[in-house]
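Below are the chains, spelled out letter by letter.
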Amino acid sequence: MKKKLRVAVLFGGRSGEHEVSLMSARSVIAALDPSKYEIFPVGITHAGNWVIGENVLDALEQNKIEELTPAALLPNPSEQGLYAIRNTQHGEMLELLSSIDVLFPVLHGTFGEDGTMQGLFELADVAYIGAGVVGSAVGMDKGIFKDVMRANDIPVVDWVILRRSEIEQDMDAAIRKAESLGAYPLFAKPANLGSSVGITKCNSRADLGEGLMEAAAFDRRILVERGVVNASEIEVSVLGNDQPIASVPGEVLPSREFYSYESKYVDGTSGLVIPAQIPAETTEQIRSLAVRAYKAIDCAGMARADFFLEKETGRVLLNELNTLPGFTSISMYPKLWNASGLSYPQLVDRLIELALERKAERDRTTREFRRSE
């Protein structure tokens, strides 16, 4: 009988997308085949504490974490595995629960999708799903990501970056800098957050001031983008390591002014047209750009690429690349792969395979240098 792979699913986290992560994790855990995998659910609280225990996902959703057991992943390859932290008469002690074959971080936003968690995984020398430190960090920071895209001749929406300190010291100057992009509407966003958290569509100076303060509550770097008027929102899922492939594209039909947090995760009222009803040549252009962007930031495992397609000109603009996209039952990433012939359970299986392949490739790298005599 083939030995089961031990998969730790991480969810929650110190992020404004904590609740989205819990929804995604529930879908992922349900899709993992118990005949193939031994599953270890690991929650991370809003405060950043790792916890395990019976029904840990339910406990985090209900904010009832008192009965859960603290846990840890050590940044030490010689002590690899998932540990429980036990209180004893001699103080706190580590108890090895199990070694782990693959980590599945279902963590969105800061301290999960931005390279910080990936750094821990690298130090622990364990296989994990998704992009590495560089790909995660660049994909997370919308400003730096756009710099990289422009350097690779990939068209993006015009933007400026403001720092929270600039906004707090001189709001008028910050607004003038943002208005240099052109006419309203403008969008104010935290540079390092996703799931439409902290985003404001600004139709006036008053809106912009409020939007900047809203975004600044979530990040010290604030991205302001020119609004793309009369455009379709097209998304593509990308899967793979060194040879990534792109799914069929889908179109988002927002039920609100833009594809908001509520539309994505709360009421599910936004329409999704899969495949998108766009010309074949535009489909191939978007899929090609998605793969180019993926390779440009050294992404791995998965990502969802979000585009604007201007209706009058047919021009395609890349908006962003999400390296750990939503995995809920209504999320676009798995839906696009399902439409491309890969079911949700098959997708999860493939992501685990890719994580193991990437770990095997990392293990080929020499860590020591010996000078010849």
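The structure displayed is predicted, hence computed values, not measured ones.

> I'd like a rundown of the pattern of salt bridges, residues and numbers included.
Applying the stated criterion across every chain, the model contains 22 salt bridges. Where Arg150 meets Asp158, a salt bridge forms, and the shortest distance between an N and an O atom there is 3.5 Å. Judged by relative accessible area, which is 33%, Asp158 ranks as partly exposed. As a salt-bridge pair, Glu179 and Arg205 come within 2.9 Å of each other at their nearest N and O atoms. Placement of the pair is Glu179 in helix 7 (residues 171-179) and Arg205 in helix 8 (residues 205-216), with a sequence separation of 26 residues.

> Give a detailed account of the packing of helix 4 (residues 133-140) against helix 5 (residues 142-151), specifying residues and quantitative values.
Running from N to C, helix 4 and helix 5 cross one another at 105°; their axes reach a closest spacing of 5 Å. The angle between helix 4 and helix 5 falls in the class roughly perpendicular. Across from Val138, Gly139 and Met140 in helix 4, the residues of helix 5 making contact are Lys142, Ile144, Phe145 and Val148. Broken down by class, the residue content of the contact of helix 4 with helix 5 amounts to five nonpolar, one polar and one charged.

> Break down the sheet that holds strand 10 (residues 186-190) for me, with residues and values.
Strands sit in the order 9-12-10-11 across an open sheet of four strands; the sheet is antiparallel. The open sheet is flanked by strand 9 (159-163) and strand 11 (200-202), the only strands paired with a single partner. Across the sheet, the mean angle separating the axes of adjacent strands is 25° when strand polarity is ignored. Where strand 9 and strand 12 (residues 221-226) come together, five bridges link them in antiparallel fashion.

> Outline the sheet that holds strand 6 (residues 91-98), listing residues and values.
Strand pairing in a sheet takes place through backbone hydrogen bonds and is either antiparallel or parallel in direction. Pairing in this open sheet of eight strands is mixed, and the strands run 6-5-4-3-2-1-7-8 from one edge to the other. The outermost strands of the open sheet, each flanked by one partner alone, are strand 6 and strand 8 (127-128). Two strands pair when backbone bridges link them, and strand 2 (residues 37-44) and strand 3 (residues 50-52) are joined in this way by two bridges, in the antiparallel orientation. Paired with Gly43 across the strands is Val51, a residue of strand 3.

> Just give me the short version of the layout of surface pockets, but keep the residues and values in it.
Size it by volume and the second largest pocket reaches roughly 250 Å³. Every residue lining the second largest pocket is counted, 14 residues in all, and those nearest its centre are Asn241, Asp242, Cys299, Ala300 and Arg358. Elements represented by at least two residues in the lining of the second largest pocket include exactly helix 10 (280-296) and helix 12 (344-363). Examining the composition of the lining of the second largest pocket, we find that five residues originate from one element, helix 12, more than from any other. The class makeup of the residues in the lining of the second largest pocket is four nonpolar, three polar and seven charged.

> Mind laying out unusual backbone geometry, listing which residues take part and the relevant values?
Peptide bonds are mostly trans, and most non-glycine residues show a negative phi. In this structure, Pro185 follows Tyr184 across a cis peptide bond, with omega equal to 10°. Along the chain, the position of Pro185 falls in the loop between helix 7 and strand 10. Residues other than glycine seldom take positive phi values, yet Asn230 does so here, at roughly 55°. Mapped onto the secondary structure, Asn230 falls in the loop between strand 12 and strand 13 (231-240). With relative accessibility at 38%, the residue Asn230 sits in the partly exposed group.

> Any chance you could break down the environment of Lys311 for me, citing the residues and the numbers?
Note on placement: Lys311 falls in the loop between strand 17 (301-310) and strand 18 (316-322). When the C-alpha atoms of Lys311 and Asn230 are compared, they prove to be 6.1 Å apart, with 81 residues separating the residues in sequence. Apart from the residues lying within four places of it in its own chain, the contact partners of Lys311 are Asn230, Ala231 and Ser232.

> Give a detailed account of helix 4, specifying residues and quantitative values.
Three or more residues of helix 4 are buried, namely Gly135, Ser136, Val138, Gly139 and Met140. Contact partners of the buried residues in helix 4: helix 3 (116-124), helix 5 and strand 18.

> Go over the pairing of strand 4 (residues 69-73), please, and point to the residues and values.
Within strand 4, four of the five residues are buried, which leaves it mostly tucked inside the rest of the structure. Where strand 3 and strand 4 come together, two bridges link them in antiparallel fashion. Counterpart to Ile52 in the pairing with strand 4 is Thr69. Alignment of strand 4 against strand 5 (residues 82-88), held across three bridges, turns out to be antiparallel. Across the sheet, residue Ala72 finds its bridge partner in strand 5, namely Tyr83.

> Could you give me a rundown of the side chain of Ser21, with the residues and numbers involved?
Along the polypeptide, Ser21 turns up in helix 1 (residues 18-31). A polar contact is formed between the side chain of Ser21 and the backbone oxygen of Val106, at a distance of 2.4 Å. Leaving out residues up to four positions away in the same chain, Ser21 has contacts with Phe11, Gly12, Val106, Leu107 and His108.

Conventions adopted
Residues numbered from 1 in each chain as written. Predicted model: local features only at pLDDT ≥ 70, side-chain atom pairs only at ≥ 80, totals over all residues. Heavy atoms only, no water. Salt bridge = Lys/Arg side-chain N within 4 Å of Asp/Glu carboxyl O. Buried < 20%, exposed > 50% of the residue type's maximum accessible area, 1.4 Å probe, protein only. Helix = DSSP H or I, 4+ residues; strand = E, 2+ residues; numbered from the N terminus. Axes fitted to C-alpha atoms, helices over the stretch in contact; angles between N-to-C directions. Parallel < 35°, antiparallel > 145°, perpendicular 65-115°, else oblique. Contact = heavy atoms within 4.5 Å. Nonpolar A, V, L, I, M, F, W, Y, C, P; charged D, E, K, R; others polar. Pairing = 2+ DSSP bridges. 1 Å grid on protein atoms, 1.4 Å probe; cavity = no way out; pocket = protein on both sides within 12 Å on 5 of 7 lines; lining within 4 Å. Points joined across faces, edges and corners; volume = space filled by probe spheres on them. Polar contact = N/O pair within 3.5 Å; in protein donor to acceptor, adjacent residues only side chain to side chain.

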